[in-house]
Amino acid sequence: MKLLVTGGAGFIGSNFVRYFLREHPEDEVVNLDALTYAGNLENLSDIEGDPRYTFVHGSITDRDLVFDLVKDVDAIVNFAAESHVDRSILDADAFVKTNVLGTLVLLDAALAHGKKRFHHVSTDEVFGSLGPDDPAFDENTPYAPRNPYSASKAASDHLVRAYFHTHGLPITISNCSNNYGPYHFPEKMIPLFISNLKEGKTVPVYGDGLQIRDWIYVEDHCSGVDAVLQKGKIGETYTLGDDNEVKNLDLTKTMIGLLGLSEDRIEFVKDRPGHDRRYATNSSKAREELGWEAKTTLEEGLRLTIDWYEDHKEWSDRCKSGAYKEYYEKNYGSK
Ligand code: NAD
Ligand code: DAU
């Protein structure tokens with residue numbers, strides 16, 4: 001199979017490209033990435049010379065480029081997105097352009113070139129915010145996005161499903177919970193907190209810190225996306241998660257404990273506007289239909305992640321300083 005992966009230079013996309021090439025030695029990957037602030041080719045420097053891997057610098061909103069690339073692949077996995085909720089609160093423009101219009105361009109290209117297989121990577125945030133006793137999100141949960149990021153992802157999910165019902169495009173969608181692990185850009189909670197703690201700084205806990213997220217190790221999300229791609233039923237949605245509901249404050253204390261530091265490093269700061277209170281996922285459909293399940297416990301995953309950031313301090317420093325952008329210039333010429 002020749003796979004077009006979009007957003008493969010980002011956090012989950014780069015983990016997925018590495019995972020896919022390792023698990024499918026006969027297959028090829030074309031990685032289309034616009035290299036926004038979140039795209040970092042250093043994430044994939046170890047597979048740069050692999051003849052089964054090609055990088056293309058460009059946007060999923062570029063119709064000519066996308067149509068050209070889709071012509072020559074068997075399937076598309078769409079990770080490309082603006083993904084940070086806080087940024088969407090400051091300016092939602094790029095979120096609608098990439099997440100909604102970019103997805104539309106990919107769908108049109110998949111349709112135009114003989115109905116190519118299309119997997120769309122989405123989020124549990126499209127379902128909104130749960131109360132303390134509500135059942136976890138699953139495939140039947142109504143959409144109720146509450147921030148511009150999740151609204152744009154919800155719109156993209158609806159378009160993907162509409163192309164199945166209207167045009168018979170062979171699609172699947174996965175809605176996954178909060179990922180963490182290697183190559184996570186240090187503006188999201190877990191990598192930001194690890195790097196702040198390592199640098200002797202405080203960690204900014206939003207509001208009362210009692211919001212709940214359901215964490216999954218990124219490698220487990222990658223195996224879930226692959227399972228849906230290979231075995232998922234066309235037209236269906238799969239919820240992916242790991243039953244790891246934790247309050248942000250408790251998670252912060254766990255990270256502080258793992259690093260052997262003191263809880264006086266916690267700084268409560270102003271809450272995120274419209275902050276979703278609780279996410280939880282029920283992955284029984286993926287377990288039963290695909291035989292997939294997450295394998296990494298939160299404790300193991302946090303340890304692996306902290307170790308990875310300790311071993312890759314330079315990577316994290318280069319993300320924070322912006323120096324990671326030099327990698328593209330050096331290896332692919334100026335933009
Ligand atoms: P990320 O921000 O780390 O990476 C996004 C990547 O997309 C970057 O490499 C960026 O350069 C690229 N990109 C952005 N705009 C583009 C465009 N117009 N054309 C081509 N490439 C573009 O994001 P992530 O955390 O790796 O998330 C990847 C996908 O997974 C997203 O669709 C996100 O909604 C979804 N998701 C993320 C999580 C999570 O916890 N991070 C959970 C569930 C689902
Ligand atoms: O649920 C899946 C989603 O998880 C993905 O769709 C998003 O792309 C991904 O970014 C993530 O969204 P969150 O908003 O949940 O992740 P973030 O790391 O930004 O925040 C996690 C929690 O921690 C959230 O409740 C807000 C809080 N937080 C975050 C930051 C950055 C803090 O308390 N302080 C912080 O500095």
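As the structure is a computational prediction, the values presented were derived from the model and not from experiment.

Draft legend 1. Representation of the site of ligand 2 within the structure. Around ligand 2 lies a shell of 22 residues, among which T123, D124, Y149, N178 and R272 are the nearest. For ligand 2, whose free accessible area comes to 680 Å², the fraction covered by protein is 94%. Sorting the residues of the shell around ligand 2 by element identifies α6 (189-198) and β8 (203-206) as the ones contributing at least two each. Here the shell around ligand 2 is built from residues that sort into nine nonpolar, seven polar and six charged.

Draft legend 2. The nonpolar core, seen in detail. Formed by 29 residues in total, the largest nonpolar core has its most connected members in I190, W215, L251 and M255. It is α6 that contributes the most residues to this core, six residues altogether. In contact with M255, not counting residues within four places along its chain, are I190, F193, I194, L197, L302 and I306. In this structure, V5, A9, A75 and L229 belong to the second largest nonpolar core, which totals 27 residues.

Draft legend 3. Spotlight on the state of the cysteines. Taken as a whole and judged by the stated rule, the model has zero disulfides. Of all cysteine sulfurs in the structure, the one in C176 sits closest to C222, which takes part in no disulfide; the separation is 9.2 Å. Just so you know, C319 is unpaired, no disulfide at all, and the nearest cysteine sulfur is the one on C222, 17 Å from it.

Draft legend 4. Region of interest: the site of ligand 1. Neighbouring ligand 1 are 29 residues; I12, D33, S83, Y149 and K153 lie closest to it. A distance of 2.6 Å is found between an oxygen atom of ligand 1 and a side-chain nitrogen or oxygen belonging to D33. With respect to ligand 1, the side chain of S59 contributes an N or O atom lying 3.0 Å from a nitrogen atom. At the level of elements, α1 (11-23), β5 (117-123), α5 (148-167) and β7 (178-180) are the ones that each hand at least two residues to the shell around ligand 1. Of the residues forming the shell around ligand 1, the biggest block, three residues, is contributed by β5. The residue inventory of the shell around ligand 1, partitioned by class, reads 13 nonpolar, 13 polar and three charged.

Draft legend 5. Up close: the pairing of strand β1 (residues 2-6). Counting buried positions along β1 gives four out of five residues, so the element sits mostly inside the fold. The sheet contact formed by β1 and strand β2 (residues 28-33) spans five bridges and is parallel. Within β2, the position partnered with T6 by the bridge is L32. Handedness of the crossover is the feature at issue here: the chain leaves β1, passes through α1, returns alongside β2, and the resulting connection is right-handed. Pairing between β1 and strand β4 (residues 75-78): four bridges, direction parallel.

Draft legend 6. Looking closely at α1. Over its 13 residues, α1 runs 19 Å from end to end, which matches the ideal 18 Å to within 8%, given 1.5 Å per residue. In terms of burial, α1 is largely enclosed, as 11 of its 13 residues are buried. For α1, the complete set of buried residues consists of F11, I12, G13, S14, N15, F16, V17, R18, Y19, F20 and L21. Packing partners of the buried residues in α1 comprise β1, β2, β3 (53-57), β4, β7 and α7 (218-231).

Draft legend 7. Spatial organisation of the packing of aromatic side chains. A complete count under the given rule lists 17 aromatic pairs for this structure. Between F16 and F79 the ring centres are 5.2 Å apart and the planes differ by 45°, which places this aromatic pair in the tilted class. A residue pair is termed long-range when its members are at least 10 positions apart, and F16 in helix α1 and F79 in the loop between β4 and α3 (85-90) qualify at 63 residues. Note on F16: relative accessible area 0%, which makes it buried. F79 gets classed as buried once you look at its relative accessible area, which sits at 11%. Between Y328 and Y332, the ring centres sit 5.6 Å apart and the planes meet at 15°, which makes this aromatic pair stacked.

Draft legend 8. Highlighting the sheet that holds β7. With mixed pairing, three strands are arranged side by side in an open sheet as β7-β9-β11. In this open sheet, the two edge strands, each paired with only one partner strand, are β7 and β11 (245-247). Sheet twist, expressed as the average angle between the axes of neighbouring strands with direction ignored, equals 50°. With three bridges joining them, β7 and strand β9 (residues 212-217) adopt parallel strand pairing. Residue pairing in the sheet places N178 in a bridge with W215 of β9.

Draft legend 9. Structural context of the pattern of salt bridges. Summed over the entire model, instances satisfying the criterion amount to 19 salt bridges. Here E310 and K198 are joined by a salt bridge, their closest N and O atoms 2.8 Å apart. With E310 in helix α10 (residues 298-311) and K198 in helix α6, this pair connects stretches of sequence that are 112 residues apart. Of the charged contacts in the structure, one is a salt bridge between R303 and D307, with a shortest N-O distance of 3.1 Å. Here the residue R303 and the residue D307 both occupy positions in helix α10, the gap between them amounting to four residues, near one helical turn. With relative accessibility at 32%, the residue R303 sits in the partly exposed group. Here D307 falls in the partly exposed class, since its relative accessible area comes to 30%. If you follow the salt bridges from partner to partner, you end up with R22, E23 and E219 in one network.

About the thresholds
- Residues numbered from 1 in each chain as written.
- Chains lettered and ligands numbered in written order.
- Predicted model: local features only at pLDDT ≥ 70, side-chain atom pairs only at ≥ 80, totals over all residues.
- Heavy atoms only, no water.
- Near = heavy atom within 4 Å.
- Areas by Shrake-Rupley, 256 points an atom, 1.4 Å probe, with all protein chains shown as cover.
- Helix = DSSP H or I, 4+ residues; strand = E, 2+ residues; numbered from the N terminus.
- Nonpolar A, V, L, I, M, F, W, Y, C, P; charged D, E, K, R; others polar.
- Core = buried A, V, L, I, M, F, W, Y, C linked by side-chain atoms within 4.5 Å.
- Buried < 20%, exposed > 50% of the residue type's maximum accessible area, 1.4 Å probe, protein only.
- Contact = heavy atoms within 4.5 Å.
- Disulfide = S-S within 2.5 Å.
- Polar contact = N/O pair within 3.5 Å; in protein donor to acceptor, adjacent residues only side chain to side chain.
- Pairing = 2+ DSSP bridges.
- Right-handed = clockwise from strand over helix to strand, strands pointing away.
- Expected span 1.5 Å × (residues − 1).
- Phe/Tyr/Trp six-rings, centres within 6.5 Å; stacked < 30°, edge-to-face > 60°.
- Axes fitted to C-alpha atoms, helices over the stretch in contact; angles between N-to-C directions.
- Salt bridge = Lys/Arg side-chain N within 4 Å of Asp/Glu carboxyl O.

Keep in mind that these numbers describe shape and distance, not what the molecule does.
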